[in-house]
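# Chains, contacts and geometry: an overview
Here's the letter readout for the chains.
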Amino acid sequence: MNEAYALEVENLTVRYGGVVAVNGVSLKLKRGEIRGLIGPNGAGKSTVIDAISGRRASTGKVLLDGREISSLNVVQRRWIGLSRSFQRTSIFPAMRVRDQIKVAAARIPDCDVDELLEEFGLVPFQDKVAAEIGYGDQRRLDLSLAFLGKPSVLLLDEPMAGLSSEESRRLADHLQNLTRNWGVSLLLVEHDMEIVFGISDVVTVLESGKLIAENKPDIVRADPHVRAAYLGSAA
Amino acid sequence: MKYSMQIFRAAALVVAAGAVGACLPLLITSANVLSLMTQAVIYAIGTLGVGFLLRQNGHVSFGHAAYYGLSGYGIVLCSKFLGLTTGPAILLVISLTGLFAFVVGLVIVRTPGIAFAMITLAIGQVFYILMAKARGFTGGVDGLVVEMSEKIFGLSSNLFGKPGSMFVVCWLTLVLVVFLLSLLIRSRFGALTEAIRENEERARFIGYKTVVPRAAIYTVSAMVCALAGTLSSLYSAFVSPDSLHWSLSGSLLVASLLGGTSLLSGTVIGAAVYFLLKDVLSEVTTHWMSIIGVCLIAVIVFWPEGIAGGLSRGARKLRALAGRS
């Protein structure tokens, strides 16, 4: 256990019946670090996020800020500082933007709803019902719910999915600034390699549920094994 | 509008609505009409219970008649076996209904959609059969006479049997229930349950347990139905298994869908429309339910938010038109 790490995952394994979806994955996320988690479809990236967040049953150890959280449920994990987003936008469609952030912020001490609305550019839509705002704005609302309370670790599952390249770039810059300013550590699953290699401090590569590489972006990009398994011409 | 301002406005509306209702028996002299109105108001309270559950939890219940009917039996049995007078018996029965509903709610609110509806149907029918078969306790299908003490909450029990005075009691109860439910909806708890209804998984991932709030909503809705059942048994001084039958749950649901559940007033309007249609159509044909069915389809197709939602949308459009001209 090392308190320099915000998140430590040891020997994480997820089984679906006889299929091993994640096989003994271990990783350590430093405070304020952005970690890209990449791999081909079916590599187990989202399953890793599901298991860390408590959505999926797993074996192995998960430690948050040095405290073992493997036996905690999703609600308890959220309260001690582990938050996440989903592949599909996950908001409260029939509620007004401001109302849903207020609900989410209600039990968090000193949580400034206005600051959050401002930070995620949601002020112009705050009185609108979430289902009526644009997809990009819904995505930002989704992220604002995940960032609420400035969690210690944030797991983002394809946050750029469905966004234009311009929107993706803006969001990537925003994520980078937030992790710096708010001290949030980020585990980022994303298919846009330009974004992942552009903002990550470390990149972890999965293939068939196993970790095959983990290093700084430039080194991973040049790794022939990674190139063969996943990156190919994208590198 | 600020929360305190909203409460002030709602309280003013409550006082005004209470005063209007209290004056109605002075203007309407026909005992039959008053009796019909009294029954409609009791029905509206029951509809509020079912509609509130649908609005806050998104749950469809086919079993709330159990809470409606059991309250009447509870009052009789509390008097008979515990020696309670009617007032304390009412309080005990509604509290026990809440407790029972909460325990049941903790289990069944975890089930989604149609499964929830079927479980509530099964629970309701279990109590219906129980009341119909346990002749020694319940009088079987013949039912029980509700014998009241001389005074109930300081009021003469005669007041509860007369259409004029009972209308005022029921009307004031309805207004109070609407007020309390609207406070609950506007509270942080109301917003939370709305969020859970919208996206339960997201609610858990922003750090909220979801089962207890949903069970609490189920409890409130059951208690509201029990209150309606209590008023009904006091008014008719009688309770029978019919008041627990699933068809009553179904009609409360139809009434709430007719009126629309997005607004509390919608469920009340729905109950009034349903009751009126039932009264008028049943004089004309024995197939009155099929006509109500056609009305329900029409409302769902043309005004998916129900009559109240449609009226409110129409009013908004008119205001916008007036603003333009």
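Residues numbered from 1 in each chain as written. Chains lettered and ligands numbered in written order. Predicted model: local features only at pLDDT ≥ 70, side-chain atom pairs only at ≥ 80, totals over all residues.

The next point concerns the overall build of chain A. Along the backbone of chain A there are 9 helices and 10 strands. In terms of C-alpha radius of gyration, chain A reaches 17 Å, essentially the compact-globule figure of 18 Å for 235 residues. With the C-alpha coordinates aligned to their principal axes, the bounding extent of chain A is approximately 50 × 40 × 35 Å. In chain A, which comprises 235 residues, the proportion classed as buried is 43%. (Helix = DSSP H or I, 4+ residues; strand = E, 2+ residues; numbered from the N terminus. Rg over C-alpha atoms; globule rule 2.2 N^0.38 Å. Buried ≥ 20, exposed ≤ 12 C-beta atoms within 10 Å, placed from the backbone.)

Residue and element names in this part refer to chain B. Contact geometry of helix 11 (residues 246-259) with helix 13 (residues 288-302) gives a least axis separation of 9 Å together with a crossing angle of 40°. Of the possible angle classes, the one that applies to helix 11 and helix 13 is oblique. For the pair helix 11 and helix 13, the crossing hand works out as left-handed. In this structure, helix 11 contributes Val254, Leu257 and Leu258 to the contact, and helix 13 contributes Ile292, Cys295, Leu296, Val299 and Ile300. (Axes fitted to C-alpha atoms, helices over the stretch in contact; angles between N-to-C directions. Parallel < 35°, antiparallel > 145°, perpendicular 65-115°, else oblique. Left-handed = near helix turned anticlockwise from the far one by under 90°. Contact = placed C-beta atoms within 7 Å.)

Attention shifts here to the nonpolar core. Core analysis: the largest hydrophobic core is formed by 82 residues, its most contacted members being B:Val41, B:Ala44, B:Ile45, B:Leu48 and B:Val224. Non-local contacts of B:Leu48, meaning those with residues more than four positions away in its chain, are made with B:Val177, B:Val178, B:Leu181, B:Val224, B:Leu264, B:Thr267 and B:Val268. Of all hydrophobic cores here, the second largest spans 72 residues; its members include A:Val9, A:Leu82, A:Ile101 and A:Leu171. (Core = buried A, V, L, I, M, F, W, Y, C linked by C-beta atoms within 7 Å.)

Residues and elements named next belong to chain A. Taken together, 6 strands build an open sheet; the order of strands is 6-7-8-3-9-10 and the sheet is mixed. The open sheet has two free edges, formed respectively by strand 6 (82-84) and strand 10 (210-215), since each of these has just one partner strand. Here the strands of the sheet are splayed against their neighbours by 20° on average, with no regard to which way each runs. Pairing between strand 6 and strand 7 (residues 153-157): 3 bridges, direction parallel. Bridged to Leu82 within strand 7 is Val153. Contacts from helix 1 (residues 45-53) reach strand 3 (34-38), strand 6, strand 7, strand 8 (185-189) and strand 9 (202-207), with the element oriented near 145° to strand 7. (Pairing = 2+ DSSP bridges.)

Here we take up the sheet that holds strand 1 (residues 5-16) of chain A. For sheets, the rule is that strands pair by backbone hydrogen bonds, running either parallel or antiparallel. All names here are of chain A. The strand order 2-1-4-5 describes an open sheet built from 4 strands, whose pairing is antiparallel. One side of each edge strand has no neighbouring strand; the edge strands of this open sheet are strand 2 (19-30) and strand 5 (67-68). Note that strand 4 (residues 59-64) and strand 5 share 2 bridges and pair antiparallel. Note on strand 5: the bridge partner recorded for Leu64 is Arg67.

Residues and elements named next belong to chain A. When cut into domains, chain A gives domain 1 (5-81 + 151-234) and domain 2 (91-150). On a C-alpha basis, the centroid separation for the pair domain 1 and domain 2 is 24 Å. Counting residues at the interface gives 9 residues for domain 1 and 8 residues for domain 2. Here the side of domain 1 that touches domain 2 gets 3 residues from one element, more than from any other, and that element is helix 6 (residues 165-182). Here the side of domain 1 that touches domain 2 is built from residues that sort into 7 nonpolar, 1 polar and 1 charged. (Domains from an automatic or database assignment. Nonpolar A, V, L, I, M, F, W, Y, C, P; charged D, E, K, R; others polar.)

Here the focus is the interface of chain A and chain B. Interface size is commonly expressed as the accessible area that is lost once the parts come together. Facing 19 residues of chain A, the contacting portion of chain B comprises 15 residues. At the level of elements, helix 2 (74-79) and helix 3 (97-105) of chain A are the ones that each hand at least two residues to the side of chain A that touches chain B. Considering only residue class, the side of chain A that touches chain B consists of 13 nonpolar, 2 polar and 4 charged.

Time to look at the pairing of strand 9 of chain A. The side chains of a regular strand alternate between the sheet's two faces. Residues and elements named next belong to chain A. Two elements, strand 3 and strand 9, share 4 bridges in a ladder whose sense is parallel. Paired with Leu37 across the bridge in strand 9 is Thr204. The loop that links strand 9 with its antiparallel partner strand 10 comprises 2 residues; one of these, Ser208, has a positive phi angle of about 50°.

A few words now on the pairing of strand 4 of chain A. Residue and element names in this part refer to chain A. With 5 bridges joining them, strand 1 and strand 4 adopt antiparallel strand pairing. Counted as the bridge partner of Glu10 is Lys61 from strand 4. Adjacent in sequence and paired antiparallel, strand 4 and strand 5 are bridged by 2 residues, among which Asp65 carries a positive phi angle near 50°.

As a further point, take the environment of A:Glu115. The topology assignment puts A:Glu115 in helix 4 (residues 113-119). Taking C-alpha positions, A:Glu115 is 40 Å from A:Lys210, a pair spaced 95 residues apart along the chain.

Another point: the packing of helix 2 (residues 31-57) of chain B against helix 11 of chain B. Residue and element names in this part refer to chain B. Two numbers describe how helix 2 lies on helix 11: the axes approach to 8 Å, and their chain directions differ by 70°. Compared by their axis directions, helix 2 and helix 11 come out roughly perpendicular. The two elements helix 2 and helix 11 cross, and the hand of that crossing is right-handed. Side by side, helix 2 and helix 11 meet where Gly46, Thr47, Val50, Gly51 and Leu54 of the first sit next to Leu252, Leu253, Ala255 and Ser256 of the second. Tallied by class, the residues present in the contact of helix 2 with helix 11 amount to 5 nonpolar, 4 polar and no charged.

Turning to helix 6 of chain A, a few remarks are in order. Residues and elements named next belong to chain A. Counted at 1.5 Å a residue, the expected span for helix 6 with its 18 residues is 26 Å, and the 25 Å between its end C-alpha atoms agrees. Residues of helix 6 that are buried include every one of Ser168, Leu171, Ala172, Leu175 and Thr179, and no others. What you see down the axis of helix 6 is that its buried residues fit within an arc of 105°, all on one side. Residues of helix 6 that are exposed and angled more than 90 degrees away from the buried face: Glu166, Asn177, Arg180 and Asn181. Among the structural elements, strand 3, strand 8 and helix 7 (193-199) are those in contact with the buried residues of helix 6. (Expected span 1.5 Å × (residues − 1). Arc of directions from axis to C-beta.)

A separate point is unusual backbone geometry. Backbone geometry places A:Glu158, a non-glycine residue, at a positive phi of 50°. The phi dihedral of B:Ala237 is positive, around 55°, even though this residue is not glycine. For B:Ala237, a count of 15 C-beta atoms within 10 Å puts it in the partly exposed group.

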